Amino acid sequence: MELFTNQILAGIATGAIYACMALAVVMIYQAIDHLNFAQGEMAMFATFISWQLMQWGVPYWGAFVITLVLSFLGGIAIERILFKPLAKAPILTNVAGFIALFAIINSCAGLIWDFTIKQYPTPFGSAPFLGSQLISTHQAGMIGVTLLLLIGLFFFFQYTRIGLAMRAAAALPESARLVGINTSWMIALGWGMASAIGAIAGMLIAPVVFLEPNMMGGVLIYGFAAAVLGGLTSPFGAVIGGFLMGIFENLAGTYIPGVGNELKLPIALALIISVLVVKPAGLFGRHIVKRV
Amino acid sequence: MSAAEEVVAEGHEAVEAVPKRAMTLGTGTSLVVVVLLLIVPLFTKNFIIFQMTMLLIYGLAVLALNILTGGSGQFSLGQSAFYAIGAYISAVLMEQFNVNYALTLPISGVLCFGVGFLFGKPALRLSGVYLALATFALATAMPQLLKLNFLEQWTGGVQGLVVTKPDAPFGLKMSQDMWLYYFTLAVTLAIYIFSVNLLRSRSGRAFMAIRDNEIAASAMGVDVALYKTLAFGISAGITGVAGGLGAIAVQFVAPDSYTITLAISLFLGMVVGGVGWLPGSFVGAAFIIFVPNIAESISKGLSGAVFGVLLFLVIFLVPHGARQIAIVGQQLIGKLRKT
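Okay, so let's go over this structure. Since this is a predicted model, take the numbers as computed values, not measurements. (Residues numbered from 1 in each chain as written. Chains lettered and ligands numbered in written order. Predicted model: local features only at pLDDT ≥ 70, side-chain atom pairs only at ≥ 80, totals over all residues. Heavy atoms only, no water.)

**A look at the overall build of chain A**
Line of reasoning, step 1. Per the secondary structure count, chain A includes 11 helices and 2 strands.
Line of reasoning, step 2. Of the regular secondary structure in chain A, the N- to C-terminal order runs α-α-α-α-β-β-α-α-α-α-α-α-α.
Line of reasoning, step 3. Radius of gyration (C-alpha) of chain A: 19 Å, near the 19 Å computed for a compact globule of 292 residues.
Line of reasoning, step 4. With the C-alpha coordinates of chain A rotated into their principal frame, the extents come out at 60 × 50 × 35 Å.
Line of reasoning, step 5. The buried share of chain A, taken over its 292 residues, is 54%.
Line of reasoning, step 6. Across chain A, contacts joining residues at least 24 apart in sequence account for 74% of those joining residues at least 6 apart.
Line of reasoning, step 7. Surface accessibility of chain A: about 12800 Å² in total, with carbon and sulfur atoms responsible for 70%. (Helix = DSSP H or I, 4+ residues; strand = E, 2+ residues; numbered from the N terminus. Rg over C-alpha atoms; globule rule 2.2 N^0.38 Å. Buried < 20%, exposed > 50% of the residue type's maximum accessible area, 1.4 Å probe, protein only. Contact = heavy atoms within 4.5 Å. Areas by Shrake-Rupley, 256 points an atom, 1.4 Å probe, with all protein chains shown as cover.)

Here is the structure:
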């Protein structure tokens, strides 16, 4: 039984990483209705920028804020320059665009900062949290930040005019335009916010997985899976999905014989698919009914 | 320009409707292409022949995805898994059971058809992003499954298997590469003709009806479940044959050759070639084989970035892929004929 609770605790700790990333994934999905495959790379690039700032002597929180602003602007710039012209192109062409963006960012980061693994500082320290060996203060901090972010987003979307406008633009673009919402800029804003949330995720994950250009590959896959599991329409679901993902993965690795590190991911994915077969919109997603 | 404008204007759907005739090339053009494919290898070096063989093989794999996505409107990131299964079946049959290489291909095809059909069954309930995730799971699991211990006596585990290259039969004086090229070309032509006819048949029309509007299709009496799984199975089967050919051409199979990267390349090939336009599959295959090399030669350190920029250029200039070029070209020729 102790092994079981320990594994669940450890699962929640890794789950916090996935939850963060899933939140960014859901953000962009709300704004543009696609999954952005380059999201992880954008987060990685932002993390590298903050690392570079710290190398130049900027203190942690200063670098944190500057990076957030830069990635917000960067996200908007990417949308305006690269994806606005593609808005009318078929969806699959857009997906190819995401893959191209992925390749460009990954390769540029590799050239600028090379592929060696770098240490990344944590603002929370890495001592055991409340005497538990399984969760460090950093991981506890990460869970805290994720939850704060979630609450912040909830209030933003539920109680501010601009949040409402963004939801309207995503749900019914034509009607939103008719009531005077600039839907095109709402999409850009969505990109900016997703990019900033991704940057937060990147900076929180980096102390755990270490900083290098390929650090987000695995995390992003789990983030996607978590978002899909929780329901792509629900930020709350995405966070829960992230934690569940971490727990699934740990339990599968512990209790199913013959599952090494490498089979964890396929098993977690298979489990998600079986959930989806029963609940096609995800655990907390709204089922979107199509009019014929 | 009206047809091209029409194509651009209706771009909101994931896969836009294509008139049936626009899915293939005209007879004259096809003949010219086939003659070129027959003649060119006689005058080139072995390495180029090998690359042309790979082009046909990847072209087949992209074609298979195109039937699934362009034909029936379903999306798959798991094609690398079927490619791997096909490759392994051919390799294992040839090396462990001494089956003739030409006989292994239909076996690969049929078995992959079965796997695809079975996988398509539960996947039926999923669509769009969810289907993409399910197929993606298959693709990530495949290399790990191939490494499993109890399969190792056949698959060779992590090390993989070496496959012997077949000699030209009937005492033909031909290098192995050239024979393999003509063999691949014959298989490719057969599958291409099969695919074109498939999309023109009753089943093909059912696929396209499902793609354009699933609810309307089922109201008209199309068995949506059957045809969706059928599309999955056929696509997997063709991919399996391509995988088998690939194993023979590369002379080597190993789990890590068939990762998700392969599935993504095949997807890019389909987009570049034009979704739903079968001849475009081979243009797309050329893109995914040659452009990474070109990118590498432009800049070693930034090859990924160069590849990304080239890909962006292509999708900015022709968001509908090679098909768009073909349509514009056709209209130009039409105009010239009139004047």
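**Comments concerning the environment of B:Ser257**
All names here are of chain B.
Line of reasoning, step 1. As for its placement among the helices and strands, Ser257 is situated in the loop between β2 (252–253) and α12 (260–273).
Line of reasoning, step 2. Residue Ser257 is classed as partly exposed on the basis of its relative accessible area, which comes to 39%.
Line of reasoning, step 3. A sequence separation of 213 residues divides Ser257 from Thr44, and the C-alpha atoms of the two residues are 28 Å apart.

**What about helix α4 (residues 79–96) of chain B?**
Line of reasoning, step 1. Compared with the 26 Å implied by 1.5 Å per residue over 18 residues, the 25 Å span of α4(B) between its first and last C-alpha is a close match.
Line of reasoning, step 2. Within α4(B), 16 of the 18 residues are buried, which leaves the element mostly enclosed by the surrounding structure. (Expected span 1.5 Å × (residues − 1).)

**Notes on empty space enclosed by the protein**
Line of reasoning, step 1. Across all of its chains, the model carries 3 cavities of 30 Å³ or more by this definition.
Line of reasoning, step 2. Taken together, A:Met27, A:Gln30, A:Ala31, A:Phe157, A:Met166, A:Arg167, A:Ala169, A:Ala170, A:Met186 and A:Ile187 form the lining of the largest cavity.
Line of reasoning, step 3. If one sorts the elements of the lining of the largest cavity by residue count, helix α6 (residues 161–171) of chain A sits on top with 4 residues.
Line of reasoning, step 4. Taken as a whole, the second largest cavity encloses approximately 60 Å³ of empty space.
Line of reasoning, step 5. In terms of lining residues, the second largest cavity is bounded by 10 residues, among which A:Pro90, A:Thr93, B:Val275, B:Pro319 and B:His320 are the most central. (1 Å grid on protein atoms, 1.4 Å probe; cavity = no way out; pocket = protein on both sides within 12 Å on 5 of 7 lines; lining within 4 Å. Points joined across faces, edges and corners; volume = space filled by probe spheres on them.)

**Notes on unusual backbone geometry**
Line of reasoning, step 1. Positive phi is not limited to glycine here, since A:Asp114 has a value of about 50°.
Line of reasoning, step 2. Residue position: A:Asp114 is located in the loop between α4 (91–113) and β1 (128–129).
Line of reasoning, step 3. Here the phi dihedral of B:Gln251 falls at roughly 65°; this positive angle occurs in a residue that is not glycine.
Line of reasoning, step 4. Among the structural elements, B:Gln251 can be located in the loop between α11 (224–250) and β2.
Line of reasoning, step 5. A relative accessible area of 30% places B:Gln251 in the partly exposed class.

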